[in-house]
Amino acid sequence: MSKPLNISRINELKNNAYDNIDSYNDPDSPEALAKFTDSMKAILLADPSMLAAVPEYLPVALFNRVRFSDAAKTKWATWIDTATLPSWDEFKVTIQFNNDDVPLVLAVRKYSEELLIESCAVVYLLNTQDNVVAPSKSFSANEASDTNDDGYDPYNDDGDYDDSDEEGYYDQYDDEER
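Here's what I pulled together on the structure shown here. For clarity, every value in this text was computed on a predicted model and none was experimentally measured. (Residues numbered from 1 in each chain as written. Predicted model: local features only at pLDDT ≥ 70, side-chain atom pairs only at ≥ 80, totals over all residues. Heavy atoms only, no water.)

A few words on the packing of helix H2 (residues 32-46) against helix H6 (residues 102-111). Close contact between H2 and H6 brings their axes to 9 Å; oriented N to C, the two are set at 40°. Our classification of the angle between H2 and H6 gives oblique. Regarding H2 and H6, the two cross each other, and that crossing is left-handed. Across the interface between the two elements, Lys-41, Leu-44 and Leu-45 from H2 touch Pro-103, Leu-104 and Ala-107 from H6. Its residues assigned to classes, the contact of H2 with H6 shows five nonpolar, no polar and one charged. (Axes fitted to C-alpha atoms, helices over the stretch in contact; angles between N-to-C directions. Helix = DSSP H or I, 4+ residues; strand = E, 2+ residues; numbered from the N terminus. Parallel < 35°, antiparallel > 145°, perpendicular 65-115°, else oblique. Left-handed = near helix turned anticlockwise from the far one by under 90°. Contact = heavy atoms within 4.5 Å. Nonpolar A, V, L, I, M, F, W, Y, C, P; charged D, E, K, R; others polar.)

So, in structure tokens, the structure goes:
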């Protein structure tokens, strides 16, 4: 039986994450959001238990750095509509993380797999709902190494990508000791 997804918690995390993103996504300081998320990722990688106090920092750190295929978006919409927390096996095939973020993802998964899944639900909502700030182009220009080996640029995602090697992409998450 599936575990329930706490939608009120997801919405609270989304609102808090949105407030952080919006406050740092300033046209007058185009590097502010990138600097903030880089600092946050380093801090969370060093001490994922910090997420107990500020769980909204993970969706902020992952904002615009993960992608969802069209099929994955359908699954995420269903999980959110039915308040269903996906299992790890269901989750891992519906999301692709930027390669640079894999160490953080693994550290957070070891700390709390459920929090990682919830945070990705928040990122999904931030990416699909109308009240979200658009990604800053300067953020992508500053992060030239963010294009994965498969040519994916998380800041210029047109939704059309080849996921033929998707199965191998996720093996790295299951190979780690928990």
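Topologically, Ala-46 is positioned in helix H2. With 61 residues separating them in the primary sequence, Ala-46 and Ala-107 have C-alpha atoms 8.6 Å apart.

Here we come to the pattern of salt bridges. Taken as a whole and assessed by the stated rule, the structure comprises seven salt bridges. Where Lys-3 meets Glu-114, a salt bridge forms, and the shortest distance between an N and an O atom there is 2.6 Å. One end of the pair, Lys-3, is in strand E1 (residues 3-4); the other, Glu-114, is in helix H7 (residues 113-128), and 111 residues separate them in sequence. Residue class for Glu-114 comes out partly exposed when judged on its relative accessible area of 32%. Asp-38 is paired through a salt bridge with Lys-41; the nearest N and O atoms lie 3.9 Å apart. Within this pair, Asp-38 and its partner Lys-41 are both found in helix H2, separated by three residues, close to a single helical turn. The class for Asp-38 is partly exposed, based on a relative accessible area of 31%. Of the residues examined, Lys-41 reaches a relative accessible area of 12% and is grouped as buried. A single salt-bridge network, built from bridges that share partners, covers Asp-38, Lys-41, Arg-65 and Asp-101. (Salt bridge = Lys/Arg side-chain N within 4 Å of Asp/Glu carboxyl O. Buried < 20%, exposed > 50% of the residue type's maximum accessible area, 1.4 Å probe, protein only.)

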